[in-house]
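Residue-level listing of the chains:
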Amino acid sequence: AQGSEALPLPSEPLKEDVAQEVTQLKRPQHPEPPYPYLEEEVQYTNPEDGCNLSGTLTIPEKVPADGAPAVMLLTGSGSHDRDETIFGHKPFLVLADYLT
């Protein structure tokens, strides 16, 4: 119910072929290699406390003589991979690909 009004939500099980199609994750926004940029694994260790930061650096193949802007993507709290994968989406991979 919403306020004083009832809002029915009828449902029924999906047919097998439709259920198979729905469960297949299709993420056409995920870039596929070969990428039109260079990709390098990087790591930094803070000498004061020994904390390690690792990541993937993406560099345009053609960098202007005066350089290119840089963006660092950092995940939030909790356990994440470097693509910040959630429910089959890889938002950091998509963003890094687009920004590079």
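Everything discussed here concerns the structure shown above.
Quick caveat: nothing in here was measured; it's all calculated off a predicted structure.

1. A few points about the overall build of the protein chain
Part 1 of the argument: A count of helical and extended segments in the protein chain gives 2 helices and 2 strands.
Part 2 of the argument: Mapped from its N terminus to its C terminus, the protein chain presents α and β elements in the order α-β-β-α.
Part 3 of the argument: When each of the 100 residues of the protein chain is scored for burial, the buried share is 7%.
Part 4 of the argument: Total accessible area on the protein chain stands at roughly 8,900 Å², and carbon and sulfur atoms take up 56% of it.

2. Some thoughts on a nonpolar patch on the surface
Part 1 of the argument: Together, V71, L73, L95, Y98 and L99 line one region of the surface with nonpolar side chains, adding up to about 530 Å² of accessible area.
Part 2 of the argument: Position of Y98 among the secondary structure elements: in helix 2 (residues 91-99).

Cut-offs and rules
- Residues numbered from 1 in each chain as written.
- Predicted model: local features only at pLDDT ≥ 70, side-chain atom pairs only at ≥ 80, totals over all residues.
- Heavy atoms only, no water.
- Helix = DSSP H or I, 4+ residues; strand = E, 2+ residues; numbered from the N terminus.
- Buried < 20%, exposed > 50% of the residue type's maximum accessible area, 1.4 Å probe, protein only.
- Areas by Shrake-Rupley, 256 points an atom, 1.4 Å probe, with all protein chains shown as cover.
- Patch = residues over 30% accessible without salt bridge, like charges linked within 9 Å, V, L, I, M, F, W, Y side chains within 5 Å.
- Salt bridge = Lys/Arg side-chain N within 4 Å of Asp/Glu carboxyl O.

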